[in-house]
Amino acid sequence: MAPTTTPTRAHTQTAPAAEAPMTAAPWRDEPEGRSFRRLPVTTLLSGGELSIPLHVVTGRHPGPTLGIITNQHGDEFLPTMVIRHWLATLDTSALRGRVAVISVGNPLATAACQRLTPEPHGRTDLHEAFPGNARGNTTQMMAAVITESFLDHIDFHCDFHAGGSGGRLQGRVDYNGKAPPDIRERCLAMARAFGQPFVHENDLTGTSAHYVTTKRGIPSCNPEIGGTFLGPDSTATYFEQSFAGLTRLATHLGLIDGDATPPSQVRFDLAGRRELRPRNSGYLESLFERPSDVGRLLPAGTLLGRVVDLYSYAVLEEIVTPFDGYLFFSRYSGTVSAGTQAFALAEAARAIRLD
Ligand SMILES: [Zn+2]
């Protein structure tokens, strides 16, 4: 899957003048090649040790450091398996700079196959815990290690997510709307380079992206692509899209040669986002279950799905689009709890098409 097009640097970003890191990072000094290490966090009651896995691929030529983290939510497995394949294809003799990857941001949540850390106190969403606290709960301790040993030593950040185990279909790249304007523009450029149908200016307060964009002055993009346990066809589609996105991102940042010209996309922000949540629990019959459904412009009044009562077999409610909008989040048919996000739209009147 190596790029075959004429190299273009028109969209290439240069490494920023980030603040000097507080701690040393030995992996920054490695020669050309590949390495893997575990960053210690703490001990576990099982007798094992909790650590954060770090892969580093160092190129022969000088260049920036792209830091990718995934599985901050423990039920989002697709990105890390894509990254595994993508790292293997990188040619270190041609690579400029290095790629550092935390393959599992939250090992405890991953072991439990759930979104959050299974611990009884404090905030348990790693995605809200940055920059962390070495004397906080386990989630904060993981965040502190990731901050000190990883985030403080990279030049560009990518926090890669997918839909979790609820059969979700997604196809967008978020960026931090609270980043300073100059950084926000660079975040948007990274998000666009990834090449998904949507770029979404989101509130990423508490995330690793918020930390690096506001405290370190480096840009970040947060892909949200595909989902988990989606079946072979959808998984293959999202795998291919994610792989291509990583290649385009690395090209955009100048690590490899290729073409990262952004495709036509739709940009929306929080004001134009509407989540459709069933008022009733039941079985959701989704009418938009294919990857190609994400990105469709749907007229107001379109039936998206219906919630059926498992007990009486009655249709409890129908979910329809409240306005003309782009479907940017959908899900498979399956059980839903009242208040769960079933679909999400970007209002067409507020969305901006980027060509
Ligand atoms: Zn996530």
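Residues numbered from 1 in each chain as written. Predicted model: local features only at pLDDT ≥ 70, side-chain atom pairs only at ≥ 80, totals over all residues. Heavy atoms only, no water.

J.: Would you mind going over the domain arrangement of the protein chain in detail, with residue names and values included?
T.: Domains assigned within the protein chain are domain 1 (26-263) and domain 2 (272-354). Using C-alpha coordinates to define each centre, domain 1 is positioned 28 Å away from domain 2. In this assembly, 19 residues from domain 1 lie in contact with 15 residues from domain 2. Counting the surface domain 1 buries against domain 2, the share from its top three residues, Arg168, Leu169 and Phe198, is 40%. Summed over the shared surface of domain 1 and domain 2, the number is zero salt bridges. The tally of links from domain 1 across to domain 2 stands at six residue pairs in polar contact (both at pLDDT 80 or more). Contributing elements (two or more residues each) for the side of domain 1 that touches domain 2: β6 (168-176), β7 (198-202) and α6 (232-252). With five residues, β6 is the single largest residue contributor to the side of domain 1 that touches domain 2. Across the side of domain 1 that touches domain 2, the residue classes break down as seven nonpolar, nine polar and three charged. (Domains from an automatic or database assignment. Contact = heavy atoms within 4.5 Å. Buried area = accessible area lost by both parts, 1.4 Å probe. Salt bridge = Lys/Arg side-chain N within 4 Å of Asp/Glu carboxyl O. Polar contact = N/O pair within 3.5 Å; in protein donor to acceptor, adjacent residues only side chain to side chain. Helix = DSSP H or I, 4+ residues; strand = E, 2+ residues; numbered from the N terminus. Nonpolar A, V, L, I, M, F, W, Y, C, P; charged D, E, K, R; others polar.)

J.: Residue-level account of unusual backbone geometry, with values.
T.: Here Phe130 and Pro131 are connected by a cis peptide whose omega angle stands at 10°. With respect to the helices and strands, the residue Pro131 is situated in the loop between α2 (107-111) and α3 (138-149). Positive phi values are uncommon outside glycine, yet Asn71 reaches one of about 55°. With respect to the helices, strands and loops of the structure, Asn71 is situated in the loop between β3 (61-70) and α1 (78-89). A positive phi angle, close to 55°, is found at Phe229, a residue other than glycine.

J.: So what's going on with the coordination of the zinc ion? Residues and values would help.
T.: Protein coordination at the zinc ion: the donors are His73 (ND1), Glu76 (OE), Glu76 (OE) and His161 (ND1), at 2.0 to 2.4 Å from the metal. Metal-centred angles of 57 to 147° between the four donor atoms at the zinc ion mark the site as irregular. Counting residues between consecutive donors of the zinc ion along the chain gives the motif H-x2-E-x84-H. Residue His73 is found in the loop between β3 and α1, and its partner His161 is found in the loop between β5 (156-160) and β6; the two are separated by 88 residues along the sequence. Each member of the pair, His73 as well as His161, is classed as buried. (Donors = N, O, S within 2.8 Å, 3.2 Å for Na, K, Ca; no water. Tetrahedral: all angles 85-135°; square planar, octahedral: opposite > 155°, others 65-115°. Buried < 20%, exposed > 50% of the residue type's maximum accessible area, 1.4 Å probe, protein only.)

J.: Give a description of the pattern of salt bridges that names residues and reports values.
T.: A complete count under the given rule lists 13 salt bridges for this structure. Its salt-bridge partner being Glu317, residue Arg279 comes within 3.8 Å of it at the nearest N-O pair. With Arg279 in the loop between β10 (273-276) and β11 (282-286) and Glu317 in strand β14 (residues 315-320), the pair connects residues that are 38 residues apart, well separated along the chain. Take Arg279: its relative accessible area is 65%, and that puts it in the exposed class. The shortest N-O distance in the salt bridge between Arg306 and Glu285 comes to 3.4 Å. With Arg306 in strand β13 (residues 303-308) and Glu285 in strand β11, the pair connects residues that are 21 residues apart, well separated along the chain. Several salt bridges share partner residues, and in doing so they unite Arg273, Glu275 and Arg277 into one network.

J.: How would you sum up the packing of aromatic side chains? Please name residues and give values.
T.: If you walk through the whole model with that rule in mind, you get six aromatic pairs. Judged by centre distance (5.8 Å) and plane angle (85°), the ring pair of Phe198 and Phe268 falls under edge-to-face. Highlighted residues: Phe198 in strand β7 and Phe268 in strand β9 (residues 265-269), separated in sequence by 70 residues. Note on Phe198: relative accessible area 1%, which makes it buried. A relative accessible area of 2% means that Phe268 is categorised as buried. (Phe/Tyr/Trp six-rings, centres within 6.5 Å; stacked < 30°, edge-to-face > 60°.)

J.: If you had to explain the sheet that holds β13 to someone new, which residues and values would you point to?
T.: Taken in spatial order, the four strands line up as β14-β13-β11-β16 in an open sheet, and their pairing is antiparallel. The open sheet has two edge strands with one neighbour each: β14 and β16 (334-336). Across this sheet, the average inter-strand angle for adjacent strands is 30°, counted without regard to direction. Pairing of β11 with β13, which is carried by four bridges, proceeds in the antiparallel orientation. Of the residues in β13, the one forming a bridge with Tyr283 is Val308. (Pairing = 2+ DSSP bridges. Axes fitted to C-alpha atoms, helices over the stretch in contact; angles between N-to-C directions.)

J.: Can you tell me about the environment of Ala94, naming the residues and giving the values?
T.: Its place among the elements puts Ala94 in the loop between α1 and β4 (96-102). When its relative accessible area of 40% is taken as the criterion, Ala94 is described as partly exposed. Counting along the chain gives 34 residues from Ala94 to Arg60, while the straight-line C-alpha distance between them is 6.6 Å. Sequence-distant contacts of Ala94, defined by excluding residues within four places in its chain, comprise His61 and Leu255.

J.: Could you give me a rundown of the nonpolar core, with the residues and numbers involved?
T.: Membership of the largest hydrophobic core comes to 49 residues, with the highest contact counts inside it found for Ile68, Trp86 and Phe194. With six residues, the single largest contributor to this core is helix α4 (residues 181-194). When residues of this core are assigned to domains, at least three map to each of domain 1 (26-263) and domain 2 (272-354). Not counting residues within four places of it along the chain, the set of residues in contact with Trp86 comprises Ile68, Val99, Phe243, Leu246, Thr247 and Ala250. (Core = buried A, V, L, I, M, F, W, Y, C linked by side-chain atoms within 4.5 Å.)

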